[in-house]
Number of protein chains: 2
Amino acid sequence: MRSGYLKESTFWSHGFLLETCMGQQAITTMQHDYDVYEDRCPTRLVLDRVADKWAVLILDRLQDGPVRFNHIRRAIKGISQKVLSQTLKKLERDGLISRAVFATVPVTVEYALTPLGRTLTETVSTLVHWAERNMDAVLAAQRSYDEGRVAVETPGPSTAPLRAEMAPRVGFEPTTK
Amino acid sequence: MRSGYLKESTFWSHGFLLETCMGQQAITTMQHDYDVYEDRCPTRLVLDRVADKWAVLILDRLQDGPVRFNHIRRAIKGISQKVLSQTLKKLERDGLISRAVFATVPVTVEYALTPLGRTLTETVSTLVHWAERNMDAVLAAQRSYDEGRVAVETPGPSTAPLRAEMAPRVGFEPTTK
DNA sequence: ATCATCTAGTTTCCAAACGAAACCAATGGA
DNA sequence: TCCATTGGTTTCGTTTGGAAACTAGATGAT
């Protein structure tokens, strides 16, 4: 699955990038000159993992300590076992969470944040809380969009959208390239 | 697509929740007692929108002011027109960005953050920068996972995981499978 | 002895989404 | 007329998502 990227290992070899994704930088002695806006940059894969609905919910849930598999499943209502299993495996592979198996009566598997994963929890938590705090605003915007198509602030799209930042419409070069 | 949720409109009616998702709270005079851990909670939809690779890249790109369609497309290398168009439309519907059409020589369409969307940019930017900053650590974790299966930091996952929720295990040992 | 239950997953299968490329419409210039 | 630009939509094959069923090991109940 990731092999499609790994085939291009001449581009991205073990954390050191060669040509693209940082352009004019020197090759040696670099640490994190990745550019997530560049295609085939490994940061895209991380972003794909981290910018995921289930992943952020899982990471948020693990904030208060290790949690068992079925515990997470019951906490995040609606998640399927398959998706939970897959997401946990990916997060573990990326070093964000750890997996510990205990030979208890029925087997116990605990998932916990790694130090690396813990550096993300604040952002993740903010994201989750943002959704809860701004839910009403989003719902209002959706209603406004669906009925009437007239935005809250703009009277009409093409009529005369004299936005503050767009004042000099005449002689305005679209800053192409 | 969203009709599956809207069919349950007795549950979620216009921003006010009735039974689930807040349980023992009063129905009237509530503002944001949403629970993203509850299934069929509208916050799940917002999280689905916001916790998306392309959406965070777009929001991050719009931080410095309005950007045209093809400008975004060229900036976020690898994004397809279809996905860009779809994501922009969804973000606009949710009130995170605005769309302004100008009747210029070739038509100009500018996308910009709304005040609501601007409240997310810091978190989004953090997420993107996290990916760039911790890329090497993730790559190292992936290698460690793929070859050997032994975690970098933990020889045995949580040597003494005596957590409150865990039943007292007799002679437990983290069998790393 | 067999059934039921708990654990933590995997497998199956179908629908939904993704993504690359082609296509569309409007307009102006060579 | 042909081409280039704008901002999209459509098509179609591949990939992913998700609900439900199934696996498997150990234990307790009937």
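For the structure, check the block above.
Residues numbered from 1 in each chain as written. Chains lettered and ligands numbered in written order. Predicted model: local features only at pLDDT ≥ 70, side-chain atom pairs only at ≥ 80, totals over all residues. Heavy atoms only, no water.

## Concerning the overall build of chain A
Rule in force here: Strands are runs of DSSP state E lasting at least 2 residues, helices are runs of H or I lasting at least 4, and numbering of each runs from the N terminus. Only protein chains enter the accessibility calculation, which uses a 1.4 Å probe; a residue whose area is less than 20% of its type maximum is buried, one above 50% is exposed, and one in between is partly exposed. Residue exposure ignores everything except the shown protein chains as possible cover, and the areas themselves are Shrake-Rupley values with a 1.4 Å probe.
Within chain A one finds 7 helices and 5 strands. Looking at chain A as a whole, 46% of its 177 residues qualify as buried. Of the roughly 9500 Å² of accessible surface on chain A, a fraction of 54% belongs to carbon and sulfur atoms.

## Considerations on the pairing of strand 5 (residues 108-113) of chain B
All names here are of chain B. Stated precisely, the cut-off is as follows: Between any two strands, at least two bridges found by DSSP are needed for them to pair.
With respect to burial, strand 5 is a largely interior element, 6 of its 6 residues being buried. Taking every second residue as pointing to the same face, both faces of strand 5 are buried, with T108, E110 and A112 on one and V109, Y111 and L113 on the other. Bridge count between strand 3 (residues 67-68) and strand 5: 2 bridges; the pairing is antiparallel. In the strand pairing of strand 5, V67 is matched with Y111. Sheet topology places strand 4 (residues 97-102) next to strand 5; 6 bridges connect them, and they run antiparallel. Within strand 5, the position partnered with A100 by the bridge is E110.

## Some details on the protein's contact with DNA strand D
Let me state the cut-off plainly: Note on terminology: near, applied to a residue and a molecule or strand, indicates that one of the residue's heavy atoms is within 4 Å of it. Under the rule applied, a polar contact is a pair of N or O atoms within 3.5 Å (in protein, one hydrogen donor and one hydrogen acceptor; residues adjacent in sequence only if both atoms are side-chain atoms). Side-chain classes follow a simple rule in which Ala, Val, Leu, Ile, Met, Phe, Trp, Tyr, Cys and Pro form the nonpolar group, Asp, Glu, Lys and Arg form the charged group, and the remainder, Gly included, forms the polar group.
Near DNA strand D there are 21 residues, and of these K82(A), N70(B), S85(B), R99(B) and Y111(B) occur at the shortest range. For DNA strand D, a base oxygen lies 2.2 Å from a polar atom in the side chain of K82(A). Interatomic distance of 3.0 Å between a backbone N/O atom of V107(B) and a sugar or linking oxygen of DNA strand D. Within the residue set of the surface near DNA strand D, elements represented by two or more residues are helix 5 (81-93) of chain A together with helix 4 (69-75), helix 5 (81-93) and strand 5 of chain B. The biggest single contributor to the surface near DNA strand D is helix 5 of chain B, with 4 residues. Here the residues of the surface near DNA strand D are counted per class, giving 9 nonpolar, 6 polar and 6 charged.

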